Amino acid sequence: MRTDRSTMLAVAALVGATLFWAGNYIVGQRAVETIDPLSLVLLRWGLALVPLLVIAQLVERPRWREVAKAWPWLLALSAFGILGYNLFLYAALEYTDAFSASLVNAFNPALITLAAAVFLRERLTPLSVGGVLIALVGVLVVLGDGDFGSLLRGGFGTGELLMLGAIAAWTAYTVAGRRGPRLPPVTSTAVQAAIAVVVLAPFSLAAGGPALPGTGAALWSLLFIAVFPSVLSYLLWNHALTSIPPGHAGVFLNLITVFTAVFTILAGEPWTAAQVAGGVIVIAGVVLTNLKAFAGPGVPAPRLPATPGRRASRSGRRT
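Quick summary incoming for the structure in this document. (Residues numbered from 1 in each chain as written. Predicted model: local features only at pLDDT ≥ 70, side-chain atom pairs only at ≥ 80, totals over all residues. Heavy atoms only, no water.)

### Considering the overall build of the protein
So, point 1. Along its length, the protein carries 14 helices and zero strands.
So, point 2. The order of helices and strands in the protein, counted from the N terminus, is α-α-α-α-α-α-α-α-α-α-α-α-α-α.
So, point 3. By residue count, 53% of the 319 residues in the protein fall in the buried class.
So, point 4. With an accessible surface of roughly 14,000 Å², the protein has 71% of that area assigned to carbon and sulfur atoms. (Helix = DSSP H or I, 4+ residues; strand = E, 2+ residues; numbered from the N terminus. Buried < 20%, exposed > 50% of the residue type's maximum accessible area, 1.4 Å probe, protein only. Areas by Shrake-Rupley, 256 points an atom, 1.4 Å probe, with all protein chains shown as cover.)

Below is the structure:
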């Protein structure tokens, strides 16, 4: 009974984490209307840094000298995950809607599976290959709005291209994290956030920034992004991983797209049948790629390098 209760709480934590990460897309789309992507990333992680450091110290009690020795990996992870992914994401939201961005992002688990096979020599089964191809078809449906010919005639839109850059950055981040040393997850996140703030601050100041929220709505958007997807999602995700294996938990990341779709519909934002169809195809392909993650406890779960990607702890969470 106790195990069942802990599992139920873990599932609830996973749902909460993905709910907040989905909110990052919706609220991020509003935030970039008044805050440029560079300023948004700087302010987001600048605000999240202090609570992350406090939580890391209280909960994980890291050995900071050992953490400092891993600085090359943390620098690379921050460059790909905190900086690369988020800058591409918020830049994409200046040109495309949150729903379309989340649909392109849904292909990330399949892309990571493919990259892990190429760079980490992880086994790629025929089922996984089929899942990756199906997910790719779904992405093309979304990018072409159901018309593959339009991709040949006009190519991708700016927002979609930037989102492809975002998932490429997160794929590199995840592959690098798989090779790096194991570090406490919240501590790793906090250090990467600190690196991002130090790197971005001079560029932002040189550009006359950072651009502060000009309206009450923009301020609340920034605070939401700094607190919920940046801090609380990580706490919920890491709590869940104490009861659920990372491979099983990684499948829950598909809820980000589902929740974003629900938020889009509830907000009365426009959506198309091609977006819905493409999203269903992408998620089906990703689930097929990671089918073993649905297996019972008697079957070993694959080492899923999940997207929102794994920190240096390889725990499979996203920013």
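### Structural notes on the packing of aromatic side chains
So, point 1. Scanning the entire structure with this criterion turns up six aromatic pairs.
So, point 2. Plain terms: the ring middles of Trp 21 and Tyr 234 are 5.9 Å apart, the flat faces sit at 85 degrees to each other, and that makes the pair edge-to-face. Of the two residues, Trp 21 is situated in helix 1 (residues 2-31) and Tyr 234 in helix 11 (residues 216-240); the sequence distance between them amounts to 213 residues.
So, point 3. Here Trp 21 falls in the buried class, since its relative accessible area comes to 1%.
So, point 4. Judged by relative accessible area, Tyr 234 falls into the buried class, the value being 1%.
So, point 5. Relative to Trp 170, the ring of Tyr 85 has its centre 4.8 Å away and its plane inclined at 65 degrees; by these criteria the two rings are edge-to-face. (Phe/Tyr/Trp six-rings, centres within 6.5 Å; stacked < 30°, edge-to-face > 60°.)

### Some details on the side chain of Thr 260
So, point 1. Examined against the element boundaries, Thr 260 turns out to sit in helix 13 (residues 255-266).
So, point 2. On the basis of relative accessibility, which here comes to 0%, the residue Thr 260 falls in the buried class.
So, point 3. The contacts of Thr 260, once residues within four sequence positions are left out, are Ala 22, Tyr 25, Ile 26, Ala 98, Phe 99 and Ser 102. (Contact = heavy atoms within 4.5 Å.)

### Points about helix 5 (residues 98-105)
So, point 1. Most of helix 5 sits out of view: eight of its eight residues are buried.
So, point 2. Burial in helix 5 covers these residues: Ala 98, Phe 99, Ser 100, Ala 101, Ser 102, Leu 103, Val 104 and Asn 105.
So, point 3. Regarding helix 5, its N-cap is Asp 97, as a side-chain oxygen of that residue lies 3.1 Å from the backbone nitrogen of Phe 99 further along. (Polar contact = N/O pair within 3.5 Å; in protein donor to acceptor, adjacent residues only side chain to side chain.)

### Quick notes on the environment of His 239
So, point 1. Tracing the backbone through its elements, the reader meets His 239 in helix 11.
So, point 2. Sequence separation between His 239 and Leu 9 is 230 residues; the distance between their C-alpha atoms is 9.1 Å.

### Points about the side chain of Thr 96
So, point 1. With respect to the helices, strands and loops of the structure, Thr 96 is situated in the loop between helix 4 (71-92) and helix 5.
So, point 2. Classification of Thr 96 as buried rests on a relative accessible area of 10%.
So, point 3. Here Glu 160 takes part through its side chain, which lies 3.2 Å from a polar atom of the side chain of Thr 96.
So, point 4. Excluding residues that lie within four positions of it along the chain, Thr 96 makes contacts with Gln 29, Ala 101, Gly 159 and Glu 160.

### Thoughts on the packing of helix 4 against helix 9 (residues 158-179)
So, point 1. One way to put it is that helix 4 packs onto helix 9 with a least axis distance of 8 Å and a crossing angle of 160 degrees. It follows that helix 4 is roughly antiparallel to helix 9 by the angle criterion. The handedness of the crossing between helix 4 and helix 9 comes out as left-handed. Mapping the contact onto sequence places Trp 73, Leu 77, Phe 80, Gly 81, Gly 84, Tyr 85, Phe 88, Leu 89, Ala 91 and Ala 92 in helix 4 and Gly 159, Leu 162, Met 163, Gly 165, Ala 166, Ala 169, Trp 170, Ala 172, Tyr 173, Ala 176, Gly 177 and Arg 179 in helix 9.
So, point 2. Taken together, the residues of the contact of helix 4 with helix 9 break down into 16 nonpolar, five polar and one charged. (Axes fitted to C-alpha atoms, helices over the stretch in contact; angles between N-to-C directions. Parallel < 35°, antiparallel > 145°, perpendicular 65-115°, else oblique. Left-handed = near helix turned anticlockwise from the far one by under 90°. Nonpolar A, V, L, I, M, F, W, Y, C, P; charged D, E, K, R; others polar.)

### Examining helix 6 (residues 108-119)
So, point 1. In this model, helix 6 (twelve residues) spans 16 Å end to end at C-alpha, consistent with the 16 Å of a helix rising 1.5 Å per residue.
So, point 2. Of the positions making up helix 6, those classed as buried are Asn 108, Pro 109, Ala 110, Ile 112, Thr 113, Ala 115, Ala 116 and Ala 117.
So, point 3. The secondary structure elements touched by the buried residues of helix 6 are helix 5, helix 7 (126-143), helix 9 and helix 14 (273-289).
So, point 4. Just downstream of helix 6, Arg 121 is the residue with a positive phi angle, here 60 degrees. (Expected span 1.5 Å × (residues − 1).)

### Notes on unusual backbone geometry
So, point 1. Phi is positive for Arg 61, close to 45 degrees, though the residue is something other than glycine.
So, point 2. Take Arg 61: it is sitting in the loop between helix 2 (37-60) and helix 3 (64-69).

### Concerning the nonpolar core
Nonpolar side chains in soluble globular proteins generally cluster together in the buried interior.
So, point 1. Within the largest apolar cluster, 68 residues are counted, with the highest numbers of intra-cluster contacts made by Tyr 25, Leu 40, Trp 45, Tyr 90 and Met 163.
So, point 2. With sequence-adjacent residues up to four places away left out, Tyr 25 is seen in contact with Tyr 85, Leu 89, Leu 93, Ala 98, Ala 101, Ser 102, Asn 105, Met 163, Ile 256 and Thr 260.
So, point 3. Among the nonpolar cores identified, the runner-up in size contains six residues, and Val 67, Ala 70, Val 191 and Ile 195 belong to it. (Core = buried A, V, L, I, M, F, W, Y, C linked by side-chain atoms within 4.5 Å.)

### Focus on a nonpolar patch on the surface
So, point 1. The grouping of Leu 47, Leu 219, Trp 220 and Leu 223 at the surface amounts to a nonpolar patch, some 410 Å² of accessible area in total.
So, point 2. Counting residues per element, the nonpolar patch draws most heavily on helix 11, at three residues.
So, point 3. Within the fold, Leu 47 resides in helix 2.
So, point 4. Looking at Leu 47, the relative accessible area reads 42%, which means it is partly exposed. (Patch = residues over 30% accessible without salt bridge, like charges linked within 9 Å, V, L, I, M, F, W, Y side chains within 5 Å. Salt bridge = Lys/Arg side-chain N within 4 Å of Asp/Glu carboxyl O.)

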